Amino acid sequence: MLKVPEHQVAGHIARDGKLGPLVDDEGRFYKPLQGDARGENEAKFYESFSLNKEVPDHIHRYFPVYHGTQLVEASNGSGKLPHMVLEDVVSGYLNPSVMDVKIGSRTWYPDVSEVYFKKCIKKDRETTTVSLGFRVSGFKIFDHQESSFWRPDKRVVLGYKVDGARLALRKFVSSNSLADSNSIPNCAFASEVYGGSNGILAQLLELKAWFETQTIFHFNSCSILMVYENDSFLMKGGATEQAPRAQVKLVDFAHVLDGNGVIDHNFLGGLCSFIKFVKDILQIVEERDDIDTSRLENGH
Ligand SMILES: O=P(O)(O)O[C@@H]1[C@@H](OP(=O)(O)O)[C@H](OP(=O)(O)O)[C@H](O)[C@H](OP(=O)(O)O)[C@H]1OP(=O)(O)O
Ligand SMILES: Nc1ncnc2c1ncn2[C@@H]1O[C@H](COP(=O)(O)OP(=O)(O)O)[C@@H](O)[C@H]1O
């Protein structure tokens, strides 16, 4: 039985009779092929990417596994439609905190229609796409105190300026201050989620190293999805070791083009900018922890 994904944070959502993705109980995510060229383009990308031997295995793991296309009953009641069958990136988590960050300082690309170009450039200027080279598209955080998810409104998220994006990245790894806009995020999970040899930063750096040389694809309007489970960081002992780790996946390939031997400087530049934001948070947390440790050592 297919159902509407519980943890989707951006994009087209299957509600109010609209077409959107569905999930099953076996860890698969069914993304409908949009009626125009986008759906076909994305399915073509997955086909060619999954068979591409030039892409190293350690990079393949940053993309959802592709299981082909399948005709399934669409979410909008219009009968059976082709869907891409993908790995459901969040299926291994109980209460995942999820963030979608669209990478690049532009979402349009050469040869798009005037209408599409205008729509993209308007959104790019209104959000942090132009100023930062990325924009937060949506996120949700599991709130321990309330035992429920906190999720900002889409319009609020798309209205973030530089400080808003920075704050969102801090909130994403905090155990306090979710609904309260006045309190300062404590970044309680920053070291575990963003830091460490398997953390988000290490994964982003691995991706960056590939983007510094790859000229096969241009990832226009593509997103980085970050997922982690904060329950596990609060539970000490054995449970932590088995907990699913923080992970980065790339999603949304509706606008991927051939790289034609040219570096994807739009994606690479945005990724570098995003990495700097994550690094800055880790640095602040490290400095704070150092001060706390020296205070303890000095008996304060
Ligand atoms: O419909 P909208 O205005 O919500 O725009 C969608 C975007 O949502 P946004 O408002 O930027 O968060 C949406 O962005 P996110 O996935 O939410 O980051 C996509 O850009 C989507 O286009 P496509 O499926 O990638 O071709 C966009 O869909 P189209 O309008 O291009 O169909
Ligand atoms: N493979 C996946 N597994 C789990 N969630 C996914 C997957 N792909 C996309 N999502 C969720 O759906 C949202 C929108 O995906 P996206 O591919 O950008 O759709 P759209 O083309 O409608 O913008 C993402 O922000 C994420 O929350």
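Computed from a predicted structure; not experimentally measured.

Undergrad: Help me understand the domain arrangement of the protein chain, please; the structure alone is not making it clear to me.
TA: Often the size quoted for an interface is simply the accessible area lost on bringing the parts together. In terms of domain boundaries, the protein chain breaks down into domain 1 (22-87) and domain 2 (96-291). For domain 1 and domain 2, the distance between their C-alpha centroids amounts to 22 Å. Listed by partner, the interface residues are 19 residues for domain 1 and 17 residues for domain 2. Both sides together, the interface formed by domain 1 and domain 2 hides about 1700 Å², and carbon and sulfur atoms give 61% of it. Our count for the domain 1 to domain 2 interface comes out at three salt bridges. A salt bridge links Glu206 to Arg61; the shortest N-O distance between them is 2.9 Å. The tally of links from domain 1 across to domain 2 stands at eight residue pairs in polar contact (both at pLDDT 80 or more). Those elements that provide at least two residues to the side of domain 1 that touches domain 2 are helix H1 (37-51) and helix H2 (57-60). Sort the elements by how many residues they give to the side of domain 1 that touches domain 2 and H1 lands first, with seven residues. Residue composition of the side of domain 1 that touches domain 2, by class: nine nonpolar, four polar and six charged.

Undergrad: Just checking my understanding: could you explain the site of ligand 2 for this structure?
TA: Close to ligand 2 lie 16 residues; His12, Lys31, Glu87, Val89 and Asp100 are nearest. Here an oxygen atom of ligand 2 sits 2.9 Å away from a polar atom, N or O, in the main chain of Val9. Here a nitrogen atom of ligand 2 and a backbone polar atom of Val89 are 2.9 Å apart. Protein chains shield 92% of the accessible area of ligand 2, which is 560 Å² for the free molecule. Considering only residue class, the shell around ligand 2 consists of seven nonpolar, four polar and five charged. For the shell around ligand 2, the domains that each give at least three residues are domain 1 (22-87) and domain 2 (96-291).

Undergrad: Could you clarify how one ought to interpret helix H8 (residues 200-211) in this entry?
TA: Along an α-helix, a turn takes 3.6 residues, which lines up residues three or four apart on a common side. With 12 residues, H8 should cover 16 Å at 1.5 Å per step; its first-to-last C-alpha distance of 16 Å lies within 8% of that length. Here H8 has its buried residues at Ile200, Leu201, Gln203, Leu204, Leu207, Trp210 and Phe211.

About the cut-offs
- Residues numbered from 1 in each chain as written.
- Chains lettered and ligands numbered in written order.
- Predicted model: local features only at pLDDT ≥ 70, side-chain atom pairs only at ≥ 80, totals over all residues.
- Heavy atoms only, no water.
- Domains from an automatic or database assignment.
- Contact = heavy atoms within 4.5 Å.
- Buried area = accessible area lost by both parts, 1.4 Å probe.
- Salt bridge = Lys/Arg side-chain N within 4 Å of Asp/Glu carboxyl O.
- Polar contact = N/O pair within 3.5 Å; in protein donor to acceptor, adjacent residues only side chain to side chain.
- Helix = DSSP H or I, 4+ residues; strand = E, 2+ residues; numbered from the N terminus.
- Nonpolar A, V, L, I, M, F, W, Y, C, P; charged D, E, K, R; others polar.
- Near = heavy atom within 4 Å.
- Areas by Shrake-Rupley, 256 points an atom, 1.4 Å probe, with all protein chains shown as cover.
- Expected span 1.5 Å × (residues − 1).
- Buried < 20%, exposed > 50% of the residue type's maximum accessible area, 1.4 Å probe, protein only.

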